[in-house]
Amino acid sequence: MQAITRIWTPVDFNAEGKQTDCLRLPHSTDVSAYGWIPIPLVCIRNGEGPTALLVSGNHGDEYEGQVALLNLARMISPSDLRGRLIILPALNYPAVVAGRRVSPIDEGNLNRMFPGGAFGSPTQMIAHYVSEVLFPLADVVIDLHSGGRSLQYVPSALVRPGRTDEESARLRKLLEVFGAPISFVTDGAGGGGLTTLAAAAQDKNIPALTTELGGGSTLSRNGLELAEQGIRRVLKHCGILPRIVIEKARATRVMKVAGRSAFVYARSRGIFEPAAKLGEEVQAGQVAGSIHHFDWPMRPPETLHFEASGVVACRRAPSLTNPGDCLFKVMADAG
Ligand code: ZN
């Protein structure tokens, strides 16, 4: 059955060969009454086989995934393939153009809007199209993120907790194949919870892997190399790129985010001075950092502590900090 959506594309997902065009997201404005926003799309198909949906630019200011998918889209010919690749390197295109996490059109944070709405805001329409048109085509989903402007991450991959032992094993296998130095299992508490692309994919029983490859609105060389190799390994593992040359995955350290105590938040406004490095092992009670109060020169800085022991997974990138900003997140071994 055809899903109800206002988004359309001349790309025929069932056609053989390599097609490059875009999704057309209707957007009627003062200067373009019947206009649409182009969301770049590459579809490559060669006969029967599984389909991988590869996405970046879900947040516009996260770059390693965008570059990895642009490189992959140019490199792959239909003859390399068995099955189908659907690649969207700039999924929230208005946010990508603006270099922002959220869309400047509706302030929509795409990875907080799933499963979206067919007749909602532009960003809600994108989420809905992914959920209702693309997910039913997909056997595996990779959604490439980084920390964006406000966070810096250790290069890592993540999945949601499985709802059954079988699903947990399948997701864990994806993490092992992708081969990030650190992998973690998280339900998104503190992040997007059930409003993410990965949660919507899980709701449709499609295995989904997300990454955090770097951050701070710039491109990490290590993060890009991990994305390129990890994607190839997953596509080879799924049988979609059976002959592609890959570097063997190194063992990944599987960790978990232990609820809200894993996060350190600012309680005051000021300049954040971190006391721990990315990837450092920290103990509960250890000093995490200080907030210096430029409004009150004589007031001592606020000292913050880690509530949980673990490895520092991410830290706030900008120094200027307000109450409620996330400063750190730590992960513990999954065991
Ligand atoms: Zn992101």
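Reading the values: the criteria
- Residues numbered from 1 in each chain as written.
- Predicted model: local features only at pLDDT ≥ 70, side-chain atom pairs only at ≥ 80, totals over all residues.
- Heavy atoms only, no water.
- Core = buried A, V, L, I, M, F, W, Y, C linked by side-chain atoms within 4.5 Å.
- Buried < 20%, exposed > 50% of the residue type's maximum accessible area, 1.4 Å probe, protein only.
- Helix = DSSP H or I, 4+ residues; strand = E, 2+ residues; numbered from the N terminus.
- Pairing = 2+ DSSP bridges.
- Domains from an automatic or database assignment.
- Contact = heavy atoms within 4.5 Å.
- Buried area = accessible area lost by both parts, 1.4 Å probe.
- Salt bridge = Lys/Arg side-chain N within 4 Å of Asp/Glu carboxyl O.
- Polar contact = N/O pair within 3.5 Å; in protein donor to acceptor, adjacent residues only side chain to side chain.
- Nonpolar A, V, L, I, M, F, W, Y, C, P; charged D, E, K, R; others polar.
- Donors = N, O, S within 2.8 Å, 3.2 Å for Na, K, Ca; no water.
- Patch = residues over 30% accessible without salt bridge, like charges linked within 9 Å, V, L, I, M, F, W, Y side chains within 5 Å.
- Areas by Shrake-Rupley, 256 points an atom, 1.4 Å probe, with all protein chains shown as cover.
- Right-handed = clockwise from strand over helix to strand, strands pointing away.

Colleague: Give me the lowdown on the nonpolar core, citing residues and values where you can.
Modeller: One broad trend across soluble globular proteins is that nonpolar side chains are buried collectively. With 34 residues, the main nonpolar core has Leu54, Leu72, Leu85, Ile231 and Leu235 as its most contacted residues. Of all elements in the fold, only strand 2 (36-46), strand 3 (51-56), helix 1 (64-75), strand 4 (83-88), strand 5 (140-145), strand 7 (156-159), helix 4 (165-178) and helix 6 (221-237) reach the threshold of two or more residues within this core. No other element matches the six residues that helix 6 contributes to this core. Counting 32 residues, the second-largest nonpolar core is a separate cluster that includes Val55, Ile86, Ala138 and Leu197.

Colleague: Tell me about the sheet that holds strand 17 (residues 320-321), residues and numbers included.
Modeller: Hydrogen bonds between backbone groups are what pair the strands of a sheet, and the pairing can be parallel or antiparallel. One open sheet accounts for four strands, arranged 15-14-12-17; its pairing is antiparallel. In the strand order of this sheet, the two ends are held by strand 15 (302-305) and strand 17, each with one partner. Across four bridges, the pairing between strand 14 (residues 287-292) and strand 15 is antiparallel. Note that in strand 15 the partner of Gly289 across the bridge is Leu304.

Colleague: An account of the domain arrangement of the protein is needed here, citing residue identities and associated values.
Modeller: When cut into domains, the protein gives domain 1 (17-255) and domain 2 (259-333). Taking the mean C-alpha position of each, domain 1 and domain 2 sit 29 Å from one another. Tallying the contact residues gives 14 residues for domain 1 and 19 residues for domain 2. Both faces combined, the contact of domain 1 with domain 2 buries some 1,400 Å², and carbon together with sulfur accounts for 60% of it. Counting the contacts that link domain 1 with domain 2 gives two salt bridges. In this structure, Glu281 and Arg253 form a salt bridge, with 3.1 Å as the shortest nitrogen-oxygen distance. Counting across the interface, domain 1 meets domain 2 through six residue pairs in polar contact (both at pLDDT 80 or more). At the level of elements, strand 6 (151-153), strand 8 (182-185) and strand 10 (253-256) are the ones that each hand at least two residues to the side of domain 1 that touches domain 2. A breakdown of the residues in the side of domain 1 that touches domain 2 according to their chemical character gives eight nonpolar, four polar and two charged.

Colleague: I'd love a proper account of the coordination of the zinc ion, names of residues and values included.
Modeller: Within the protein, the atoms that donate to the zinc ion are His59 (ND1), Glu62 (OE), Glu62 (OE) and His145 (ND1), at distances of 2.0 to 2.3 Å. If you list the donors of the zinc ion from N- to C-terminus, the spacing comes out as H-x2-E-x82-H. Pair noted here: His59 is in the loop between strand 3 and helix 1 and His145 is in strand 5, with a separation of 86 residues, a long-range link. The exposure classification of His59 matches that of His145, with both residues buried.

Colleague: Give me the lowdown on the environment of Phe294, citing residues and values where you can.
Modeller: For Phe294, the location among the structural elements is in the loop between strand 14 and strand 15. A residue is classified by how much of its surface remains accessible, and Phe294, at 42% relative accessible area, is partly exposed. When near neighbours in sequence (up to four residues on either side) are disregarded, Phe294 contacts Arg269, Gly270, Ile271 and Leu320.

Colleague: Explain a nonpolar patch on the surface to me, and be specific about the residues and the numbers.
Modeller: Taken together, the side chains of Ile271, Phe294 and Leu320 define a hydrophobic patch exposed on the protein surface, amounting to about 280 Å² of accessible area. With respect to the helices and strands, the residue Leu320 is situated in strand 17.

Colleague: Go over the pairing of strand 7 with me, naming the residues and quoting the values.
Modeller: Of the two faces of strand 7, the one holding Ser156 and Leu158 and the one holding Ala157 and Val159 are both buried throughout. Summarising the sheet, strand 7 and strand 8 pair through four bridges and their orientation is parallel. Bridge pairing in strand 8 places Leu158 opposite Phe184. Between strand 7 and its parallel partner strand 8, the chain crosses via helix 4, and the hand of that crossover is right-handed. Relative to strand 9 (residues 208-212), strand 7 is paired through three bridges, and the arrangement is antiparallel. For Ser156, the partnering residue across the bridge sits in strand 9 and is Glu212.

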